[in-house]
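Residue-level structural notes
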Amino acid sequence: MNIGIIVAACCMGVVFGTVALMFLICGADKKHKIGGALVALAFGALMFCGIVSDAKTKDEAWNGGYCECGGEWELRAATKSTNGFTTKYYVCDECKHEITQ
Ligand SMILES: [Zn+2]
């Protein structure tokens, strides 16, 4: 797991935590306060799980720098996506298997 994932997860915690708090403070009545806060927190938890499981999948694919066939990953390309993260494309030098990180 890299630092970018942790930062992203923390940012989301702050964003969804704030949204939940807004519902608690500004909700029209008790039902809206609690309901809105729960929906915001549930949505945040869902996004968090998505990011963490994605990071785990990438960690497993990376496998400490080696393909499951024993070949080494070679960096082929890198693209910067709109969300600010850089996606790197690696190709195994043995079996030509591709992964993204
Ligand atoms: Zn391989």
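So, here's what we can say about the structure.

Rules behind the numbers
Residues numbered from 1 in each chain as written. Predicted model: local features only at pLDDT ≥ 70, side-chain atom pairs only at ≥ 80, totals over all residues. Heavy atoms only, no water. Helix = DSSP H or I, 4+ residues; strand = E, 2+ residues; numbered from the N terminus. Donors = N, O, S within 2.8 Å, 3.2 Å for Na, K, Ca; no water. Buried < 20%, exposed > 50% of the residue type's maximum accessible area, 1.4 Å probe, protein only. Axes fitted to C-alpha atoms, helices over the stretch in contact; angles between N-to-C directions. Parallel < 35°, antiparallel > 145°, perpendicular 65-115°, else oblique. Nonpolar A, V, L, I, M, F, W, Y, C, P; charged D, E, K, R; others polar.

A look at unusual backbone geometry
- Its identity as a non-glycine residue notwithstanding, Asn63 has a phi of 55°, on the positive side.
- Positive phi, normally seen in glycine, also occurs at Lys96, with a value near 65°.
- Along the polypeptide, Lys96 turns up in the loop between strand E2 (86–92) and strand E3 (98–100).

Let's talk about the coordination of the zinc ion
- Around the zinc ion, the donor atoms from the protein are Cys67 (SG), Cys69 (SG), Cys92 (SG) and Cys95 (SG), and they sit 2.3 Å away.
- Donor residues binding the zinc ion come from one chain and are separated in sequence as C-x1-C-x22-C-x2-C.
- The exposure class of Cys95 is partly exposed, given its relative accessible area of 42%.

Some points on the packing of helix H1 (residues 3–26) against helix H2 (residues 30–62)
- The geometry of H1 relative to H2 is characterised by a closest axis approach of 7 Å and an angle of 170° between their N-to-C directions. One way to sum up the angle between H1 and H2 is to call them roughly antiparallel.
- Its residues assigned to classes, the contact of H1 with H2 shows 19 nonpolar, three polar and one charged.

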